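Geometric and topological summary
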Amino acid sequence: MKIDRRSFLSLAAGVAAGTALTPLPLKLTDDLSIWTQTFRYMPNEVPVPPDGAVSVATSVCSLCPGGCGISVRKIDNRAVKIEGRQGYPVNNGGICTLGLAGLQLLYGPWRVQEPLKKKEGGFEKISWDQALSEISGRLNDLRRNGKSPSVAAITGAGQNTTGRLLQRFLTVFGSPHFIRIPAVDDSLAFAAGRMLGTAGVPAFDFENSSYVLSFGSGLLDGWGSPVRMFQAHSRWKENGATLVQVEARLSNTAAKADVWVPVKPGTEATLALGLAHVIVRDGLHDPAIEAAGKAFDAFRELLKSRYAPGAVARQTGVEEPKIEKLARDFARSPRPVAVCGKGAGQDPVESLEAMAVLALNALAGGFNRSGGVRINAAPDYIHWPEPEGSAAQKSNGTRLDVHRLPELINGGAQPPVQALFVMEANPLFTLHGAPALAGAVDKIPLVVSLSSYMDETAAAADYVLPVHAYLERYEDVLITAGLKEPLVGLSRPVVKPKFGSRHAGDVLIDLARAMGDDVAAAFPWENFEDCLKQTMADKWDVLSDQGYLAETGPEIPAGGMNFAALVESAELQPPGQGENGAWPLTLIPYDSMRLWGGHIGTPPFVLKTVADTVLKQADVFVEVNPVTAERYHLADGRPAFLETPAGKARVRVHVTDGIAPDVIAMPRGLGHAAYDDYLAEKGVNINALIGPVEDPVSGLDVAWGVKAKLTTA
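1. Concerning the nonpolar core
- Ranked by internal contacts, the top residues of the largest apolar core, which has 79 residues, are Leu471, Leu587, Leu642, Val651, Ile664, Met666 and Leu710.
- Excluding residues that lie within four positions of it along the chain, Val651 makes contacts with Val620, Val622, Arg638, Pro639, Ala640, Leu642, Met666, Val684 and Leu710.
- By size, the runner-up hydrophobic cluster in this structure holds 73 residues, among which are Phe215, Val263, Leu302 and Ala338.

If you want it as structure tokens, here you go:
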């Protein structure tokens, strides 16, 4: 058995139909079918196995934050088919297109097969012993010269065991610069910390909501756990729940919503507070919140003075009567919930927006209630002994923020970062200001990439250490993604490693051993599997048997919400980019289920589902309203130059009514310079056209829209 065009088509149709009955996945499947029927021979097609023993292994997909349970059909040691795992709490048998095409990520030619060292602009193959010896030697040199704080690490792994091993490595080495790629959860956690006193994990009970008010969240475009959201949408249709999408663009989510509210980009917080004004003014709010909340009078005065519907209408472009109706419908619904996080939720949002959404939920009495929101304490299951000896007092100083690296590195004669580790992240593609960050990284004397794939960051590294792909390894997958109950899923090896890769955790343990002394002593485990089993301790058997653990901590009450933090944040707004007449348009990115803008590149099968109004040959299309097109003499399908304060690119124009006048939109996930012929050099990386914008309250990069102009080519 093999996964070829025909079997992929059959699998897509069957799985998508079982996943959800919404038109969106069916449309995806239809497009996928058309493309795969005409798909030419692929050199990276899943290899055809000989006849052999058939078996099925279960695991957890870690290609996106969704954390779906999967069942992998195998012929001997070859994986030939991936399906959603029936009964798994997150997805219950469903699977998305990325998960469905995961075998191409396992067998694809862009896998890094053995350790590589940069030499004369290219790479040479080296042994693991040589790689670890040379890297540990350079790190020990930095340590002996008192430059331990000049080592930094960026990861997308975050809070699981592998991520915590990297953080521990930095700590015992003496550096505070452990950097996790931030997302909307970080904004909501920060807002919860300021308003509720505890920075927990946001959880949304979408399945039982009667009214979902989304401020730009692409709930059907990859937000949270995509399959769960498809299934939740089906349930809303069955139960008569209302979905309201506040967004400047007619996304898939907006198209499937009961109410689409086009809003000027960047004014979502203003609209949320305008709704709060009506709710408080008309006495529709939960009286318990007013009685127990702190600084509620100051909050009421803020709403009265700055967020009256008339003023909000002028700023947001949403008509005053609609603001009044939205507020009343939301407050009077029995189980409403408000959510934020633009697109797939990969980017943080302004602190004011996150706080305004929490405040709306509190006003509606939606905290810790069925169909509402709750803030869970962060899962806390990793408890290791504190390092002993000299390693115990390391890691002083202030952590770097990744979006500040270009400014810091380019601002001094000697880069403040002398060594950078990047593990399962691709910041040179996924972060705003990618070209500037690439220039800064190029000045760092030692860059080490721990990656399964030759992505942009790996290509820029001095050493590339190949790590197992997600189907080849054990991993505890911490799944939050807005779930009602956070889970720890167990990703386990379903096939033997295909190449000479190692587990990232094993690489860190081996590197610590190579460094010796107190660094080695802080990593006493035989290998990563031993570390994981000891970490889970008495939970291991349950985790291994059922594939997941519920990690629901105590809920954080909202009754004592401190509105002073919101009032203070309202006084501070992040600056815009290019706020002058030279940039008459606003460019926004958009996410979809057909393109993946994270550190994993879009597999070839999924890329072929992209419409030719998004990507045609190597040209990406920018969505333009007919009014805008006429004003700037732009024609549908014709080339144009797109320019922002951060860069310039050649694009094509797609004229559509699905975008507001003076707003233009471009997809994320294109414009790779790495990977293979099916992904590289197609389209433009929009992150190269958007510079970072730091939120003055949280310090996170909250850039989304950027001022721009379009001219005919």
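Structure's up, so let's keep going.
2. Points about the packing of helix α13 (residues 309–316) against helix α14 (residues 320–332)
- Axis separation between α13 and α14 bottoms out at 8 Å; the angle between their running directions is 110 degrees. Classified by the angle their axes make, α13 and α14 are roughly perpendicular. Once α13 is placed against α14, the crossing between them reads as right-handed. When α13 is examined against α14, the residues Pro309, Gly310, Val312 and Ala313 are found in contact with a partner set consisting of Glu320, Ile323 and Glu324.
- Its residues assigned to classes, the contact of α13 with α14 shows four nonpolar, one polar and two charged.

3. Observations concerning the sheet that holds strand β19 (residues 548–550)
- Sheet architecture is open: three strands sit in the order β17-β18-β19, paired in antiparallel fashion. For this open sheet the edge positions go to β17 (475–479) and β19, each flanked by a neighbour on one side alone. Pairwise comparison of adjacent strand axes, ignoring direction, gives a mean angle of 20 degrees for this sheet.
- Taken together, the five bridges between β17 and strand β18 (residues 487–491) define a ladder with antiparallel strand orientation. Among the inter-strand pairings, Glu475 is bridged to a residue of β18, identified as Ser491.

4. Topic: α13
- Those residues of α13 lying buried are Pro309, Gly310, Val312, Ala313 and Thr316. For α13, the angular spread of buried residues about the axis comes to 165 degrees, placing them on one side.
- Buried-residue contacts for α13 involve α10 (268–281) and α14.
- Once α13 ends, the next one or two residues include Gly317, with phi positive near 85 degrees.

5. As for empty space enclosed by the protein
- Summed over the entire model, instances satisfying the criterion amount to four cavities of 30 Å³ or more.
- What the largest cavity holds in volume is close to 160 Å³.
- Around the largest cavity, the lining is made up of 17 residues, and of these Gly216, Glu247, Gly343, Pro589 and Trp704 lie nearest the centre.
- Elements represented by at least two residues in the lining of the largest cavity include exactly β12 (336–343) and β20 (585–590).
- Taken together, the residues of the lining of the largest cavity sort by class into six nonpolar, five polar and six charged.

6. Comments concerning the pattern of salt bridges
- Going through the model one piece at a time under the given rule, you end up with 34 salt bridges.
- Its salt-bridge partner being Asp662, residue Arg631 comes within 2.5 Å of it at the nearest N-O pair. Residue Arg631 is found in helix α26 (residues 626–631), and its partner Asp662 is found in the loop between β24 (647–655) and β25 (663–667); the two are separated by 31 residues along the sequence.
- Overall, Arg631 belongs to the partly exposed group, its relative accessible area being 43%.

7. Regarding the confidence of the model for the protein chain
- Per-residue confidence for the protein chain gives a mean pLDDT of 89; residues scoring 70 or more make up 89%.
- Per-residue pLDDT stays below 50 along residues 1–6; that stretch engages in 22 contacts with residues further than four places along the chain or on separate chains.
- Across residues 32–45, where pLDDT falls below 50, the model places 36 contacts with residues more than four positions away in sequence or in other chains.

8. Points about the sheet that holds strand β1 (residues 54–60)
- As summarised here, the arrangement of the three strands in space is β1-β2-β3, forming an open sheet in which the pairing is antiparallel. Strand pairing shows two members of the sheet lacking a second neighbour, β1 and β3 (78–84), which therefore form its edges. Taken pair by pair, the neighbouring strands of this sheet meet at an average axis angle of 30 degrees, ignoring direction.
- Sheet topology places β1 next to strand β2 (residues 69–75); seven bridges connect them, and they run antiparallel. In the sheet register, Val54 faces β2, and the bridge partner there is Ile75.

9. Some words on the packing of aromatic side chains
- In the structure shown here, the tally under the stated rule is 17 aromatic pairs.
- Plain terms: the ring middles of Tyr211 and Phe330 are 6.0 Å apart, the flat faces sit at 70 degrees to each other, and that makes the pair edge-to-face. Placement of the pair is Tyr211 in strand β9 (residues 211–217) and Phe330 in helix α14, with a sequence separation of 119 residues. There is no split in this pair, since Tyr211 and Phe330 are both buried.
- The side chain of Arg164 reaches across the aromatic face of Trp384, ending 5.9 Å from its centre.
- Looking at Arg249, its charged tip hangs above the ring of Tyr590, at a distance of 3.5 Å from the centre.

10. Thoughts on the environment of Asp221
- For Asp221, the location among the structural elements is in the loop between β9 and α8 (226–239).
- Given the relative accessible area of 3%, Asp221 is considered buried.
- The spatial distance from the C-alpha of Asp221 to the C-alpha of Asn252 is 6.5 Å, given a sequence separation of 31 residues.
- With residues near it in sequence (within four places) discarded, Asp221 still touches Ser251, Asn252, Thr253, Ala344, Asp591, Ser592 and Met593.
- Looking at Asp221, its side chain comes within polar contact range of the side chain of Asn252, at 3.3 Å.

11. With respect to the state of the cysteines
- All chains considered together, the criterion is met by zero disulfides.
- No disulfide involves Cys96; its nearest neighbouring cysteine sulfur is the one of Cys64, lying 5.7 Å away.
- Judged by relative accessible area, Cys96 falls into the buried class, the value being 10%.

12. Focus on the packing of α10 against α13
- Axis separation between α10 and α13 bottoms out at 9 Å; the angle between their running directions is 165 degrees. As judged from the angle between their axes, α10 and α13 are roughly antiparallel. Regarding α10 and α13, the two cross each other, and that crossing is left-handed. Seen from α10, the contacting residues are Thr270, Leu271, Gly274, His277, Val278 and Arg281; seen from α13, they are Pro309, Val312, Gln315 and Thr316.

Parameters and conventions
Residues numbered from 1 in each chain as written. Predicted model: local features only at pLDDT ≥ 70, side-chain atom pairs only at ≥ 80, totals over all residues. Heavy atoms only, no water. Core = buried A, V, L, I, M, F, W, Y, C linked by side-chain atoms within 4.5 Å. Buried < 20%, exposed > 50% of the residue type's maximum accessible area, 1.4 Å probe, protein only. Contact = heavy atoms within 4.5 Å. Axes fitted to C-alpha atoms, helices over the stretch in contact; angles between N-to-C directions. Helix = DSSP H or I, 4+ residues; strand = E, 2+ residues; numbered from the N terminus. Parallel < 35°, antiparallel > 145°, perpendicular 65-115°, else oblique. Left-handed = near helix turned anticlockwise from the far one by under 90°. Nonpolar A, V, L, I, M, F, W, Y, C, P; charged D, E, K, R; others polar. Pairing = 2+ DSSP bridges. Arc of directions from axis to C-beta. 1 Å grid on protein atoms, 1.4 Å probe; cavity = no way out; pocket = protein on both sides within 12 Å on 5 of 7 lines; lining within 4 Å. Points joined across faces, edges and corners; volume = space filled by probe spheres on them. Salt bridge = Lys/Arg side-chain N within 4 Å of Asp/Glu carboxyl O. pLDDT = per-residue confidence, 0-100. Phe/Tyr/Trp six-rings, centres within 6.5 Å; stacked < 30°, edge-to-face > 60°. Lys NZ or Arg CZ within 6 Å of the ring centre and 35° of its normal. Polar contact = N/O pair within 3.5 Å; in protein donor to acceptor, adjacent residues only side chain to side chain. Disulfide = S-S within 2.5 Å.

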